[in-house]
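Read off the chains here:
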Amino acid sequence: MGFNIGGVQLESRFFLGTAGYPSPQVLQQAVAASGAQVVTVGLKRQLASAGAPNDFFRLIRETGARLLPNTAGCRTAREAVTLAKMARELFGTHWIKLEVVGDEYTLQPDPFELVQAAGELARDGFEVFPYCTDDLVTCQRLLDAGCRILMPWGAPIGSGQGLLNPSALRTLRSRLPDVPLVVDAGIGSPRDAVQAMELGFDAVLLNSAVAQAHDPVAMARAFKLGIEAGRLAWEAGIMARQDMAVATTPVTGRPFVL
């Protein structure tokens, strides 16, 4: 079940966000229940909050998970690059989840600003995790810019709509077989996470589906089990769908294929 991403060996394929939980205690319990070894942190949101950012960052570190700072809220490549460099100084990590939003309604990534920022950060030594759409050409441009990992959306962030375009995600997996792919955004229930893993994706990143559940801790565990089951199903080999019924019990011949 383990895999390597960004030069780090991980056992969990569940990346968890840290925003919107009912309390710090529930957040810590949810991270523990999820088994996640990577959690995302919105630096811009925390710096702009009225609370004490240092207290929040200390709480996150206490979970023992690896930090993946993000540039959520940025609208331009320049803004995202500046924030990424701040995150590297603050957290001591070269990992960055790169977000550059181009539309206020859908929060869809701006492909032009995203590729520009990704190239600049990759040249500066960052391991860039770009939050992008499921467009194959955009993903190829991000790889050309120096990204080694891609994080295509399943649906608009925070929408809980699930995987709106499985065909596009299936194409990404097929065309980019050696690239770590993490479905990020739009996941609403463990069923969606199972589907992503059954498509052959390497991991799933989500936040709202756990944070906004009636019981975030139980939901975190549900996602943990779903992601594990989906990955195991992919590795086991899912049977091909048939257009018509196929008898499972033969009436002639041998009962086993030898």
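Everything quoted here is computed from the prediction, not taken from an experiment.

Q: Mind showing me how you'd approach the overall build of the protein chain here?
A: Scanning the protein chain from terminus to terminus reveals 10 helices and 10 strands. In terms of overall size, the protein chain behaves like a compact globule, its C-alpha atoms giving a radius of gyration of 19 Å where 258 residues would be expected to give roughly 18 Å. Considering only intrachain contacts with a sequence separation of at least 6, the fraction spanning at least 24 residues in the protein chain is 65%. One finds the centroid of the 23 positive side-chain charges in the protein chain at a distance of 3 Å from the centroid of its 25 negative side-chain charges.

Q: In this structure, what is going on with the nonpolar core? I would like to understand it.
A: Soluble, globular proteins show a tendency: their nonpolar side chains are buried together. Ranked by size, the top nonpolar core spans 62 residues in total, and within it Leu 98, Leu 206 and Val 210 carry the most contacts. The element contributing the most residues to this core is helix H4 (residues 77-91), with seven residues. With 14 residues, the next largest nonpolar core counts Val 38, Phe 129, Ala 203 and Leu 205 among its residues.

Q: Would you explain the environment of Phe 3 in this entry?
A: Tracing the chain through its elements places Phe 3 in strand E1 (residues 3-5). Between the C-alpha atoms of Phe 3 and Arg 173, which are 170 residues apart in sequence, the distance is 16 Å. Residue contacts for Phe 3: discarding those within four places in its chain leaves Val 8, Gln 9, Leu 10, Ser 12, Arg 13, Phe 15, Asp 202 and Ala 203.

Q: I tried to follow the packing of aromatic side chains on my own but got confused; where do I start?
A: A ring pair, where both rings are aromatic, is described by two values, the distance of the centres and the angle of the planes. Following the criterion strictly, the structure yields two aromatic pairs and no others. The interplanar angle of 40° and the centroid separation of 6.1 Å between the aromatic rings of Phe 14 and Phe 223 together place this pair among those described as tilted. With Phe 14 in strand E3 (residues 14-16) and Phe 223 in helix H10 (residues 216-236), this residue pair connects regions lying 209 residues apart in the sequence. Across this residue pair, the class does not change: Phe 14 and Phe 223 are buried. A centroid spacing of 4.9 Å and a plane angle of 50° characterise the contact between Trp 95 and Phe 129, whose relative ring orientation is tilted.

Q: What's the story with helix H7 (residues 166-175) in this structure? I'm lost.
A: Residue pairs three or four apart in sequence face the same way in an α-helix, which turns once every 3.6 residues. All buried positions along H7 are accounted for by Ala 168, Leu 169, Leu 172 and Arg 173. Around the axis of H7, the buried residues are gathered within 140° of arc, so they sit on the same side. Residues of H7 that are buried sit in contact with helix H6 (136-144) and strand E8 (151-152).

Q: Looking at this model, I keep getting lost on the state of the cysteines. Mind explaining?
A: Between two cysteines, a covalent bond joining their sulfur atoms is known as a disulfide. The full count for this structure, using the stated rule, is zero disulfides. You can see Cys 132 has no disulfide; the closest cysteine sulfur is in Cys 139, sitting 3.9 Å from it. The thiol of Cys 147 is not disulfide-bonded; the next cysteine sulfur, from Cys 132, is found 8.3 Å away.

Q: Just checking my understanding: could you explain the side chain of Arg 173 for this structure?
A: Take Arg 173: it is sitting in helix H7. Owing to a relative accessible area of 9%, Arg 173 belongs among the buried residues under this scheme. Within the local environment of Arg 173, its side chain forms a polar contact with the side chain of Asp 202, the two groups lying 2.9 Å apart. Those residues in contact with Arg 173, other than ones at most four positions away along the chain, are Asp 178, Val 179, Leu 181, Leu 199, Gly 200, Phe 201 and Asp 202.

Rules of the game
- Residues numbered from 1 in each chain as written.
- Predicted model: local features only at pLDDT ≥ 70, side-chain atom pairs only at ≥ 80, totals over all residues.
- Heavy atoms only, no water.
- Helix = DSSP H or I, 4+ residues; strand = E, 2+ residues; numbered from the N terminus.
- Rg over C-alpha atoms; globule rule 2.2 N^0.38 Å.
- Contact = heavy atoms within 4.5 Å.
- Lys, Arg positive; Asp, Glu negative; His and termini not counted.
- Charge placed at Lys NZ, Arg CZ, Asp CG, Glu CD.
- Core = buried A, V, L, I, M, F, W, Y, C linked by side-chain atoms within 4.5 Å.
- Buried < 20%, exposed > 50% of the residue type's maximum accessible area, 1.4 Å probe, protein only.
- Phe/Tyr/Trp six-rings, centres within 6.5 Å; stacked < 30°, edge-to-face > 60°.
- Arc of directions from axis to C-beta.
- Disulfide = S-S within 2.5 Å.
- Polar contact = N/O pair within 3.5 Å; in protein donor to acceptor, adjacent residues only side chain to side chain.

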